[in-house]
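# Coordinate analysis (summary)
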Amino acid sequence: MTDDHDVLIIGGGPAGLSAALNLGRSLVRVLVVDADRPRNAATLNSHGFLTRDGVPPHELRKLARAELAAYPNVEIRSRVRVGSLSRTDAGFTAGIGRREPTETVSARSVLLATGLRETLPEVPNLRGFYGMSLFSCAACDAWELRGRRMALIGESGDLADRARLIARWTESLTVFTNGADVVTMAEEAELAASGVAVLRHPIAELVGERGRLEAIRLTDGTSVTVEGGFVRPEWETDLSFLDGFAPAVDGHGHLVTDRSGRTGIPGLYAAGDAAAPGPQQLIVAAGAGARVAAVIVHDTIGVATAH
Ligand SMILES: Cc1cc2nc3c(=O)[nH]c(=O)nc-3n(C[C@H](O)[C@H](O)[C@H](O)COP(=O)(O)OP(=O)(O)OC[C@H]3O[C@@H](n4cnc5c(N)ncnc54)[C@H](O)[C@@H]3O)c2cc1C
């Protein structure tokens, strides 16, 4: 079965739903296909979204979907994945289904709003603390941890820069490289001068209960008391469902777009975490979704106005 739409939005997070709202209001026939597995599902509360500071992530989505229900030209398929996306003369066709594609839909334009896939540092039982006392976004969650004993765990080359950022919120920060050689001696000396210790042994385990971190134990037997902190995941955009074409990605795995969300492929747009260089925040993703919606409408009718 084939179902035709003007725009297919892949991903129903803040980027995709904000685009759907603005496209819907412009009389565009929109289909949102959302696997409904947002990256922030690990956390209980989201911060920094004006008028919704502290809202549970699922509540924000629920509110957005309720607003979209007022627009008959916007259809949302939840817990459904796009398993394949191909280009055609008229635009795109997508295979969609709960697990495997069972249905084909077509659209003239496609917005990739699929967010990011993240891989956490290889630390036993880290998942049990992620989103409760260990977080990845300082702007989102450092306020709640301010003044406490914090850890920063990561295995990437920007760890020292992250440490400098997180040190804004605490005078007690310990950086754990988990055995990775990612902090130079010069960086370590600079961090030490501002009271930040760097510990290089692999982590044996995180200690604590019900998601509340209490200590980090290293393989050399050292145990450091901490009350929470941050991890530095690796992020990538999952484009495995694209069939026979490949938009450009940058060195961080983000889709490359112009400032309006256009990829280099005609009719293919991207917004939110999947595209932006950051910051990775809900309100930024929602703003990007609104902007790309306006651009899609303008491109459809060939109008170049920026406002
Ligand atoms: C633990 C944690 C805590 C966070 N806390 C905050 C916070 O407090 N404040 C804040 O502003 N930000 C926070 N963030 C960041 C925030 O969640 C993201 O910046 C934001 O969700 C990005 O929105 P998005 O729409 O780009 O992607 P997402 O919200 O990730 O949504 C992408 C959607 O696309 C779907 N999808 C992916 N592939 C497919 C496919 N092939 N077919 C169909 N659907 C697909 C996914 O299942 C998902 O539902 C946090 C992130 C994490 C991990």
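What counts, and at which threshold
- Residues numbered from 1 in each chain as written.
- Predicted model: local features only at pLDDT ≥ 70, side-chain atom pairs only at ≥ 80, totals over all residues.
- Core = buried A, V, L, I, M, F, W, Y, C linked by C-beta atoms within 7 Å.
- Buried ≥ 20, exposed ≤ 12 C-beta atoms within 10 Å, placed from the backbone.
- Helix = DSSP H or I, 4+ residues; strand = E, 2+ residues; numbered from the N terminus.
- Contact = placed C-beta atoms within 7 Å.
- Axes fitted to C-alpha atoms, helices over the stretch in contact; angles between N-to-C directions.
- Left-handed = near helix turned anticlockwise from the far one by under 90°.
- Nonpolar A, V, L, I, M, F, W, Y, C, P; charged D, E, K, R; others polar.
- Pairing = 2+ DSSP bridges.
- Domains from an automatic or database assignment.
- Near = placed C-beta within 6 Å.

With that settled, consider the nonpolar core. Leu 8, Ile 9, Ala 19, Leu 111 and Ala 271 are the most contacted members of the largest nonpolar core, which totals 46 residues. With nine residues, helix H6 (residues 282-301) is the single largest residue contributor to this core. Residue contacts for Leu 111: discarding those within four places in its chain leaves Val 7, Ile 9, Ile 10, Gly 16, Ala 19, Tyr 269, Ala 271 and Val 292. One finds Ile 153, Ala 163, Ile 203 and Leu 213 within the second-largest nonpolar core, a separate group that totals 28 residues.

On to the packing of helix H1 (residues 14-24) against H6, then. Interaxial distance between H1 and H6 falls to 7 Å at its minimum, and their mutual angle equals 40°. Once H1 is placed against H6, the crossing between them reads as right-handed. Taking contact as the criterion, the partners of Pro 14, Ala 15, Gly 16, Leu 17, Ser 18, Ala 19, Asn 22 and Leu 23 in H1 are, on H6, Leu 282, Ala 285, Ala 286, Ala 288, Gly 289, Ala 290, Val 292, Ala 293, Ala 294, Ile 296 and Val 297. By residue class, the composition of the contact of H1 with H6 is 15 nonpolar, four polar and no charged.

Strand order in the open sheet made by the five strands is E8-E15-E9-E10-E11, with parallel pairing throughout. Among the strands making up the open sheet, the edge pair consists of strand E8 (134-135) and strand E11 (197-199). Where E8 and strand E15 (residues 228-232) come together, two bridges link them in parallel fashion. Looking at E15, one finds that Leu 134 is bridged to Gly 229. The strands touched by helix H3 (residues 138-145) within the sheet are E8, strand E9 (150-154) and E15, with E15 carrying the most contacts at an inclination of about 160°. Sitting on the sheet, helix H4 (residues 159-166) touches E9, strand E10 (173-176) and E15, and the angle it makes with E9 is about 160°.

This part is about the domain arrangement of the protein chain. For the protein chain, the assigned domains read domain 1 (2-118 + 234-301) and domain 2 (121-232). The C-alpha centroid of domain 2 is placed 32 Å from the C-alpha centroid of domain 1. Taken together, the contacts link eight residues of domain 1 with eight residues of domain 2. Within the side of domain 1 that touches domain 2, the residues separate by chemical class into two nonpolar, five polar and one charged.

All right, on to the sheet that holds strand E13 (residues 212-218) then. Pairing is antiparallel across the open sheet formed by three strands, whose spatial order is E12-E13-E14. Strands with a single pairing partner mark the edges of an open sheet, and in this sheet they are strand E12 (203-209) and strand E14 (223-225). This sheet shows a mean twist of 25° between the axes of neighbouring strands, independent of strand direction.

The next point concerns the site of the ligand. In the neighbourhood of the ligand, 42 residues make up the surrounding shell, with Gly 11, Gly 13, Asn 40, Gly 115 and Gly 272 lying closest. Every element with two or more residues in the shell around the ligand is listed here: H1, strand E2 (30-34), strand E4 (81-87), H3 and H6. When the residues that make up the shell around the ligand are grouped by side-chain class, the tally is 18 nonpolar, 16 polar and eight charged. When we break the shell around the ligand down by domain, the ones giving at least three residues each are domain 1 (2-118 + 234-301) and domain 2 (121-232).

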